[in-house]
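# Inside the fold
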Amino acid sequence: MNEEINRWKEETTHTEPIFSGKIISLQVDTVALPDGSTATREIVKHPGAAAVIALLNGKLLVVEQYRKPLEKFQIELPAGKLDAGEDPLEAARRELEEETGYKADTLQLVSAFYTSPGFADEKLYVYFTDQVVSGKQQTDEDEFLEVMAITLEEAEAYISEGRISDAKTIMAVYVWKLYLLTGKLPI
């Protein structure tokens with residue numbers, strides 16, 4: 001079966017770095033296609049990220065912040081990028097406390113997935129906890145957000161209204177709903 005799949009593999013023949021920033025880098029790869037022709041692929045390199053489905057007294061901890069690429073406010077899970085060499089579990093703990101002011105010793109991995117594999121290599125790790133305690137909020141100097149604890153009904157309404165519209169948070173709401181219905185995480 002691997003031989004069958006490998007026949008569509010694209011071999012990189014050249015990489016041209018375009019941009020290297022604080023969060024992402026962009027490169028253009030020239031690739032050899034299975035039919036012998038070549039093509040270019042624009043690729044965003046990202047260190048990965050971690051997010052937390054954190055329940056506080058039966059409500060979901062979220063943050064609302066302005067998202068410049070969308071030109072609107074969004075309600076999202078607490079999340080952030082991995083530092084170089086950082087374990088995703090540690091990043092999840094760090095981001096939960098930095099963004100919400102709550103911390104959790106016990107986090108369970110729900111899923112890890114690629115956010116946009118057509119052009120980016122970002123892998124997002126999503127964790128779950130229903131055991132949070134007060135910690136210390138320490139947002140980044142350029143990060144302005146509001147922490148909220150929302151009910152499932154509010155979360156579903158925010159999805160309908162477009163206030164929650166990112167994949168990780170929509171997935172989190174459905175994981176939370178399944179958890180409430182079955183008492184189990186879908187892992």
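Just above sits the structure.
First, a word on what this report is: a plain description of the structure on this page. (Residues numbered from 1 in each chain as written. Predicted model: local features only at pLDDT ≥ 70, side-chain atom pairs only at ≥ 80, totals over all residues. Heavy atoms only, no water.)

### Concerning the overall build of the chain
Note the following rule: Here a strand is any run of E in DSSP of at least two residues, a helix any run of H or I of at least four, and the numbering for each starts at the N terminus. Only heavy atoms enter the contact rule, under which two residues are in contact if any of them lie within 4.5 Å. Positive charge is attributed to Lys and Arg, negative charge to Asp and Glu, and no charge count is given to His or to the chain ends. Taken as the charge location is NZ of Lys, CZ of Arg, CG of Asp or CD of Glu.
Scanning the chain from terminus to terminus reveals four helices and 12 strands. Overall, the C-alpha framework of the chain stretches about 60 × 40 × 35 Å when taken along its three principal axes. In the chain, once contacts between residues fewer than 6 apart in sequence are set aside, the share between residues at least 24 apart is 54%. One way to put it: in the chain the 19 positive side-chain charges average out to a point 2 Å from where the 33 negative ones average out.

### Section: the pairing of strand β2 (residues 25-32)
So the rule is basically this: Pairing between strands is defined by DSSP: at least two bridges between them are needed.
Inspection of the sheet shows strand β1 (residues 11-20) paired to β2 by eight bridges, in the antiparallel sense. When the bridges of β2 are listed, Pro17 appears paired with Gln27. Adjacent in sequence and paired antiparallel, β1 and β2 are bridged by four residues. Once β2 ends, the chain turns through five residues before running back antiparallel as strand β3 (residues 38-45), passing Gly36 with a positive phi of about 95 degrees.

### Quick look at the packing of aromatic side chains
Heads up, the condition is: Note on aromatic pairs: the rings of Phe, Tyr and Trp (six-membered ring only in Trp) are paired at centre separations within 6.5 Å, and the planes decide the class, stacked below 30 degrees, edge-to-face beyond 60, tilted for the rest. In this analysis the charged atom, NZ for Lys or CZ for Arg, is taken to sit over a ring once it is within 6 Å of the ring centre and within 35 degrees of the ring normal.
Taken as a whole and judged by the stated rule, the model has two aromatic pairs. Against the face of Tyr158 rests Arg163, its NZ or CZ located 4.5 Å from the ring centre.

### Thoughts on the nonpolar core
Applied cut-off: Joining through side-chain atoms within 4.5 Å is the link that ties buried Ala, Val, Leu, Ile, Met, Phe, Trp, Tyr and Cys residues into a set, and such a set is a nonpolar core. We call a residue buried when its accessible area falls under 20% of the maximum for its residue type, exposed when it is over 50%, and partly exposed in between, using a 1.4 Å probe and counting protein chains only.
Membership of the largest hydrophobic core comes to 26 residues, with the highest contact counts inside it found for Ile53, Leu60, Leu77, Ile150 and Ile164. In contact with Leu77, other than residues within four places in its own chain, are Ala51, Val52, Ile53, Leu60, Val63, Glu99, Val126, Lys168, Thr169 and Ala172.

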